[in-house]
Structures are given as structure tokens and as C-alpha cells.
2 protein chains.
Amino acid sequence: MTQPIDIAVIGATGTVGETLVQILEERDFPVGTLYLLASNESAGSAVSFRGKNLRTREVDEFDFTKVRLAFFAAGPAVTLSFAPRAQAAGCTVIDLSGALPAEQAPAVVPEANPQVLDTLKAPATLHSPSAAAVALAVVLAPLKHLVDLQRVTVTACLAVSAQGREAVSELARQTAELLNARPLEPRFFDRQIAFNLLAQVGPSDEQGHGVLERRLVRELRELLDLPLLKISVTCVQVPVFFGDSYTVSLNASEAVDLAAVNQALDTAPGVELVQDEGDFPTPVGDAVGQDVVYVGRVRGGIDEPQQLDLWLTTDNVRKGAALNAVQLAELLIKDLV
Amino acid sequence: MTQPIDIAVIGATGTVGETLVQILEERDFPVGTLYLLASNESAGSAVSFRGKNLRTREVDEFDFTKVRLAFFAAGPAVTLSFAPRAQAAGCTVIDLSGALPAEQAPAVVPEANPQVLDTLKAPATLHSPSAAAVALAVVLAPLKHLVDLQRVTVTACLAVSAQGREAVSELARQTAELLNARPLEPRFFDRQIAFNLLAQVGPSDEQGHGVLERRLVRELRELLDLPLLKISVTCVQVPVFFGDSYTVSLNASEAVDLAAVNQALDTAPGVELVQDEGDFPTPVGDAVGQDVVYVGRVRGGIDEPQQLDLWLTTDNVRKGAALNAVQLAELLIKDLV
Ligand SMILES: NC(=O)c1ccc[n+]([C@@H]2O[C@H](COP(=O)([O-])OP(=O)(O)OC[C@H]3O[C@@H](n4cnc5c(N)ncnc54)[C@H](OP(=O)(O)O)[C@@H]3O)[C@@H](O)[C@H]2O)c1
Ligand SMILES: NC(=O)c1ccc[n+]([C@@H]2O[C@H](COP(=O)([O-])OP(=O)(O)OC[C@H]3O[C@@H](n4cnc5c(N)ncnc54)[C@H](OP(=O)(O)O)[C@@H]3O)[C@@H](O)[C@H]2O)c1
């Protein structure tokens, strides 16, 4: 039996952090003492773990020498401030914010590039990438040797939970206001998100690319080890609470063998393929609460055999974030104890 | 002044038909007697036109020799049953259902291929194509000579109104049920559409392509007069009442001149370009109720100068259907009277 490990979860009161604690329990991760950290605003609030209520503490005052593993799920600024402290204390760090450069914290998705773990010295610092990169890597990794990928075109339809707790409350509040014919007052989003689509998620750069879009391109190239892969991506904010969905259009250099693609996806780890004619997976009803990336609508091009189109949907908070981070910890565990 | 023309609107009680009647009034179309036709279920109900209430009649019993122009906005089966009668009576027919083959009823979008009208003999039969084809043709036509298009990849995020009245009521009903924590009973859609995405709209064929997706490919090739254009499209049903949105990814054979693209779109008829940094158009707030296709997020590829990405949003019922049909009638009018 593995020795229990003392662990800190930073951002434990957030969308991802809460789920991460839940997944540690569900998967029977060998947790010793669990320290739940957040900002001073929510310090003292209770989070349940293995039937007990644990109190959250302020990250500012935490002594990282108490733990051997730290999950950072509280945004880039918090990672930049406190990950160096954790590293200096000899902790293994798994960052979910994307704040650290790839040279310091390689992005890893166990289904795509687990080999990267073998190159690391303990205590390691890893990056659990964006939910979009996790979903795409899980699905494209098993196709990489089957299809000579020339380019990937993605429309990422992101749930409001991808932006955290406040975005979830805002969709609920706006929807209720509209159904009750009350005047709409946008707060978290700068305009109506209920019954609407926003063509951009977060800030964009001078060329018009969103920060999230650039991040996905960078992370996916890294995860697939295809540094020159052409990727075009648009992130759209949709009025869905949980579950990201993706249309994925792949161009290959040669005709795609659809039977082989279906077979590869059917047996790929972390993938659930929906093949029944006319059926397709949806975020609500299929993906949410599940630990896999659902794939459906697998089809060739119209008059174009080098073309392959897919639909993906996954629980952005679980598979896209918290679960991937815990899976990484499970792989690292051997060297930790 | 143009002589008034007697007109029939078939499907006058529907989403598109009602808007069509409204647009005939708004644009001061030279309407003589207006006959509003529907099924026997709604025959006798009132629709307002120029301050009067007109009664709808049953299409079965209508004598098409009474009119010179007939708009078919009641679904493919109705067009197939009654368009031949209208044609035999010497009517000009504008079909919005897509039921007639291209050889009998060419698809026309005034901003894209008005030259087709010159090749027709009166009385003509025209096809006002799907809302997706209208939106894409309006935007791609002015780019066609500027960008040597190799392929077009589209994710079409369709509003529920694209499926008619019943779909609109269903989204409202489901949303209210969920907010009131009542059990959900899907009716029009076979599952939850509120706060969810459906990866397919309508039936699909054996290769997995949706009927609407095939239709868009066929219509867009016809409208742009690019019969071999590679087009990949996924139609997604989104929980939005009105306003279709599209992510459009274009591959050209050469580097795209972004300044020239922006200039062409800025001056193109039927297009409203949103260029302010960080801003983008949305269905609710921008497109709905308007007579243009909004374009935003115009940007080149990441590390790929031959790439161009766009976001489009438009009122599917107005610009995508009723308005395009009335615009066609305006162009035909000279030969009619
Ligand atoms: N949501 C997703 O689908 C998803 C997917 C992949 C990655 N991520 C990444 O995961 C991170 C967390 O996202 P989330 O969606 O869970 O956000 P969230 O719901 O807004 O939660 C934010 C968490 O960070 C904590 N926090 C905020 N400021 C802090 C500070 N100054 N010091 C300490 N703790 C602080 C909050 O604690 P308080 O309660 O004290 O405010 C809360 O626990 C982000 O970097 C996000 O990009 C999210
Ligand atoms: N909605 C869009 O965005 C859009 C865009 C482009 C094209 N279109 C096309 O336009 C057509 C109408 O769509 P819609 O959205 O307006 O549908 P809708 O809201 O469901 O309305 C259907 C209309 O057709 C009439 N109708 C149905 N069955 C009939 C029958 N057997 N005989 C006579 N009339 C009949 C209905 O009359 P009752 O009141 O008597 O039932 C109603 O007026 C469809 O072909 C659609 O594909 C729609």
C-alpha cells in the first residue's frame, strides 16, 4: 500500500478546487493531511472530505513544508505568487492556471504524453492544461499515427463554468431575470449571456486572437508533440452551465480510413465513442459528471476523403481540469513516496 | 410608380411567413391584394397588414390565378404540393423551403449572384436558400475575388427559431421548468435543449451528414458559383431563440491581405463589420431585428498567413429568410408589372 501524502489544494472553494477534493476522495487517493487553501475572503469556510468538514485557510499564511504535493487551482496570479514558495519547500506542484512557462512546467495529459513524466526529476512541477487542450489531446493522440494531420480547425463552445463560480451565478441570474421580464443588468459578462452567444472568451491580443485561443494552440502542439501543427481555433461562450463542446475539423494529407478511426477511438483510454446512427453526445445528459471525453458525429468530408469531422463534449471541470490533475498525481505518486 | 401586385404568402402564420408580411409592409412593397394562406388548422386567424386585420385561408382551396407572386414559406411538403399549381396559374414563385431542385428553382441571394435573374424567363421560380447559405454567401461573395478560397470550414450555431414556432416555445418551456426545478419533459426536441447543445439539427444520412449540412454545401457552391469548393460544416442547435451565428475558417492558396479583406467587408452590401478591438457582434443585442449579416473577429491564422477566420451573426428569420425573399421579389418586380 502507498504511504499517505500530505497535500495542499489552493483554490479549494472554487469550481475546480471543490471538484478536485471530491475526486481525491472518489478515487481513494492516498491523502494524509489535506490542507484547503483560499483567499482571506473564504478562509474558515467548510469543505467536506471523507465525511469530515475541513476548514479552509488563507494561502498567504501557509507553510508549504507541511505538504509534499500542491495543486494550484486559483488562477494565474496566485500560482505566480505561491508556486515558488511551494517549490522552495520541496513540493511537487501541479498547476491548473497555465501561469508557468512550458520549460518550468511541462503540460501533461496522461492519455496523450505520459512519457514526459519519465524525463522529470522529483520534486516535479507539472502543468495540467486548459480543458480544451485536455479534451483535444485525449482524442487526437490516438489518431496521430493513423491520420497524417495537416491542420486542425476547432470551434470551442465553452460552458460558463469554464470562467468559474461567478460566471455560473450570472447565467442563472440573467436567465431568471429575462423569464420574469425584469430589466437585464449584466455583471460578470459585459452583456447578455442568457439565450445569447459571445464570440470571444476573455481578452484578445492585437492580432485579434483570444488569450485562451493562443493558449490552446500552444498547449495542443506541446501535448501532441507536433510543434508545427496548424491549428485554427475560435472560443465561443455559450449559455450552458457545465460541459464544453467542440467541433473539430481535421485535414489529412491522404484519404482517412474511417473504420480505423472509429476503432481507434472506440478503444482509446479516456474516450467514449457514440456510434449509433443519428445519435450524438451532449454536455447535459452525457458528459457532465463523467470522466471521459465523448466523441460523436465521426464523418468524412463531403466530396473530400482527406477530411475528418468530429464532435467532442466533456465535463470541463472534471475531465478538463480536476480529474486530469489527479490523474497526473496518481502517475507521480510512485516517485513521491 | 410600380403597379400593385396581388400576392399570396403560404405559411403566413409561421415564424418566417409572419415576418415576411411585416417586411412587405416595412419596405413599402407594391402589394395589391394580399392572400395569407396556411393549413386548415389556422385558417380564419388574423394577421395584421397595413393597419388592417387580414384573415388567413386554407391553401388547399386557394385559386392561384388570383395572384401574380407567391411566397412559399410552409415547409417542403407544402411547396411540393402547391408550387406546381401556382406555376400552372402563371405565378412567379419564391420558395423558402428548398424543396425544388436547383434546375427548376435557382438559389439567389441578391448580394451574391443577382446575375442569375437575368437568365430567367418570366414567370420565374426562385429559391431563397437556407439562412446559413444566405449569411455565408453575403459575406463570402465580396471576398471571392480577393482570396483564392481553397476550403471553408463552418460551425453553424443555429437558434431554435430556425426550426419554427414549436421549437421556440419548447426552449422557453424547458427553461422555465428547469428554473422552477420541475421535471423536464422534452417534446419538440428529443432531449434537453435548455442550457445544452445538440450536435445535430434534423435528420442525417448514412455518411453522418445532416440534411441541413448537405443543403448548405450545395447552396453555397451554387450561390458563389464555385461548384468544387471544399466545404466542411457542422450544424449545432444552441439554446438561443433568434439569431444564427457562424464561425468561418477559410484557407487560401496565398497569404491573405487582412487590410483588403476588412475594406471589402466594410463596404459590402448587406454586411455590417465590427472592427473595434475587443468588440464583437452577438445574436441578441446586435443581429436580431436587423437587415444585415454582422461580421466580427476578422483575423489571420496563428503562424499561417493563408488562413482567415471570421465570426458571423444574423437574424435567421429576417435576413436569412423573409428579407432575402422580399429582396428577390423587389428585383423581379420590373418584369412582373
Ligand atoms: N473552470 C474550469 O473549467 C477550468 C478548467 C481548467 C482550468 N481552470 C483553471 O483553474 C483555476 C480556477 O478556476 P475556477 O473555475 O475554479 O475559478 P473559481 O470558481 O472562480 O474559483 C477560484 C478559486 O481561487 C481562489 N482564489 C481567488 N483569488 C485568490 C487569492 N488571491 N488567494 C488565494 N485563493 C484565491 C478562490 O478562493 P475564494 O473562495 O477565497 O475567493 C477560489 O477557491 C483558474 O486558473 C482556471 O483558469 C478552470
Ligand atoms: N425559421 C427560419 O429561420 C427559416 C429560415 C430559412 C428558411 N426557413 C424555411 O421556411 C419554412 C417555414 O419555416 P418556419 O420557421 O416559418 O416554420 P413554422 O414557424 O413552423 O411555420 C410553418 C408555417 O407553415 C404552415 N403550414 C404547415 N403545414 C401546412 C400545410 N399542410 N398546409 C399549409 N400550411 C402549412 C403553418 O401554418 P399553420 O399555422 O396552419 O400550422 C405555418 O404558417 C420552412 O421550409 C423552413 O425550412 C425557415
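As the structure is a computational prediction, the values presented were derived from the model and not from experiment. (Residues numbered from 1 in each chain as written. Chains lettered and ligands numbered in written order. Predicted model: local features only at pLDDT ≥ 70, side-chain atom pairs only at ≥ 80, totals over all residues. Heavy atoms only, no water.)

### Considerations on the overall build of chain A
Along the backbone of chain A there are eight helices and 13 strands. Its C-alpha atoms give chain A a radius of gyration of 20 Å, near enough to 20 Å, the size a compact globule of 337 residues would have. On the principal axes, the C-alpha backbone points of chain A span a range of 60 × 55 × 40 Å. The proportion of buried residues among the 337 residues of chain A is 59%. Put simply, 67% of the contacts in chain A that link residues at least 6 apart link residues at least 24 apart. Looking at chain A as shown, the accessible area adds up to about 13,300 Å², and 48% of this sits on carbon and sulfur atoms. (Helix = DSSP H or I, 4+ residues; strand = E, 2+ residues; numbered from the N terminus. Rg over C-alpha atoms; globule rule 2.2 N^0.38 Å. Buried < 20%, exposed > 50% of the residue type's maximum accessible area, 1.4 Å probe, protein only. Contact = heavy atoms within 4.5 Å. Areas by Shrake-Rupley, 256 points an atom, 1.4 Å probe, with all protein chains shown as cover.)

### Quick word on helix α3 (residues 131–140) of chain B
Most of α3(B) sits inside the fold, with ten of its ten residues counted as buried. Among all positions in α3(B), only Ala131(B), Ala132(B), Ala133(B), Val134(B), Ala135(B), Leu136(B), Ala137(B), Val138(B), Val139(B) and Leu140(B) are buried.

### Details of empty space enclosed by the protein
Tallied over the full model, the rule gives four cavities of 30 Å³ or more. Empty space within the largest cavity amounts to approximately 120 Å³. Lining of the largest cavity is provided by 21 residues; of these, Thr153(A), Thr155(A), Thr247(A), Thr153(B) and Thr155(B) occupy positions nearest its centre. Split into classes, the residues belonging to the lining of the largest cavity amount to seven nonpolar, twelve polar and two charged. (1 Å grid on protein atoms, 1.4 Å probe; cavity = no way out; pocket = protein on both sides within 12 Å on 5 of 7 lines; lining within 4 Å. Points joined across faces, edges and corners; volume = space filled by probe spheres on them. Nonpolar A, V, L, I, M, F, W, Y, C, P; charged D, E, K, R; others polar.)

### Some words on the domain arrangement of chain A
Residue and element names in this part refer to chain A. Per the domain assignment, the segments making up chain A are domain 1 (5–129 + 321–332) and domain 2 (134–316). Domain 1 and domain 2 are separated by 25 Å when their C-alpha centres are compared. Tallying the contact residues gives 20 residues for domain 1 and 16 residues for domain 2. Summed over both sides, the interface between domain 1 and domain 2 buries roughly 1,400 Å², with carbon and sulfur atoms accounting for 58% of that surface. Area buried by domain 1 at its contact with domain 2 is led by Thr15, Glu111 and Pro129, which between them contribute 35% of it. Counting the contacts that link domain 1 with domain 2 gives zero salt bridges. (Domains from an automatic or database assignment. Buried area = accessible area lost by both parts, 1.4 Å probe. Salt bridge = Lys/Arg side-chain N within 4 Å of Asp/Glu carboxyl O.)

### A look at the environment of Ser161(B)
Residue and element names in this part refer to chain B. If you trace the backbone, Ser161 turns up in the loop between β8 (149–158) and α4 (165–179). For the pair Ser161 and Ala131, spaced 30 residues apart in sequence, the C-alpha to C-alpha distance is 11 Å. Residues within four places of Ser161 in sequence aside, it is in contact with Thr15, Val168, Phe241, Phe242, Asn316 and Val317. At 2.9 Å, the side chain of Ser161 and the side chain of Asn316 are in polar contact. (Polar contact = N/O pair within 3.5 Å; in protein donor to acceptor, adjacent residues only side chain to side chain.)

### A look at the site of ligand 2
All names here are of chain B. In the vicinity of ligand 2 lie 23 residues, with Thr13, Thr15, Val16, Ser39 and Ser42 positioned nearest. For ligand 2, a nitrogen atom lies 2.9 Å from a polar atom in the backbone of Ser161. Contact with the protein chains covers 79% of the free accessible surface of ligand 2, which is 900 Å². Among the residues forming the shell around ligand 2, the class breakdown is eleven nonpolar, eleven polar and one charged. (Near = heavy atom within 4 Å.)

### What about the sheet that holds strand β12 (residues 293–301) of chain A?
All names here are of chain A. With mixed pairing, the six strands of this open sheet are ordered in space as β9-β8-β10-β13-β12-β11. For this open sheet the edge positions go to β9 (230–237) and β11 (271–273), each flanked by a neighbour on one side alone. Pairwise comparison of adjacent strand axes, ignoring direction, gives a mean angle of 20 degrees for this sheet. Against the sheet, helix α5 (residues 211–224) engages β8 (149–158) and β9, with an angle of about 140 degrees to β9. (Pairing = 2+ DSSP bridges. Axes fitted to C-alpha atoms, helices over the stretch in contact; angles between N-to-C directions.)

### A word on the interface of chain A and chain B
Each partner contributes to the interface: chain A provides 57 residues, whereas chain B provides 57 residues. Here chain A and chain B share an interface that buries about 5,000 Å² over both sides, 55% of which is from carbon and sulfur atoms. It is Phe195(A), Arg297(A) and Ile302(A) in chain A that bury the most area against chain B; as a group they hold 15% of the surface buried on that side. In this structure, the connection of chain A to chain B is made through twelve salt bridges. Its salt-bridge partner being Asp286(B), residue Arg191(A) comes within 4.0 Å of it at the nearest N-O pair. Connecting chain A to chain B are 35 residue pairs in polar contact (both at pLDDT 80 or more). Partitioned by chemical class, the residues of the side of chain A that touches chain B number 22 nonpolar, 22 polar and 13 charged.

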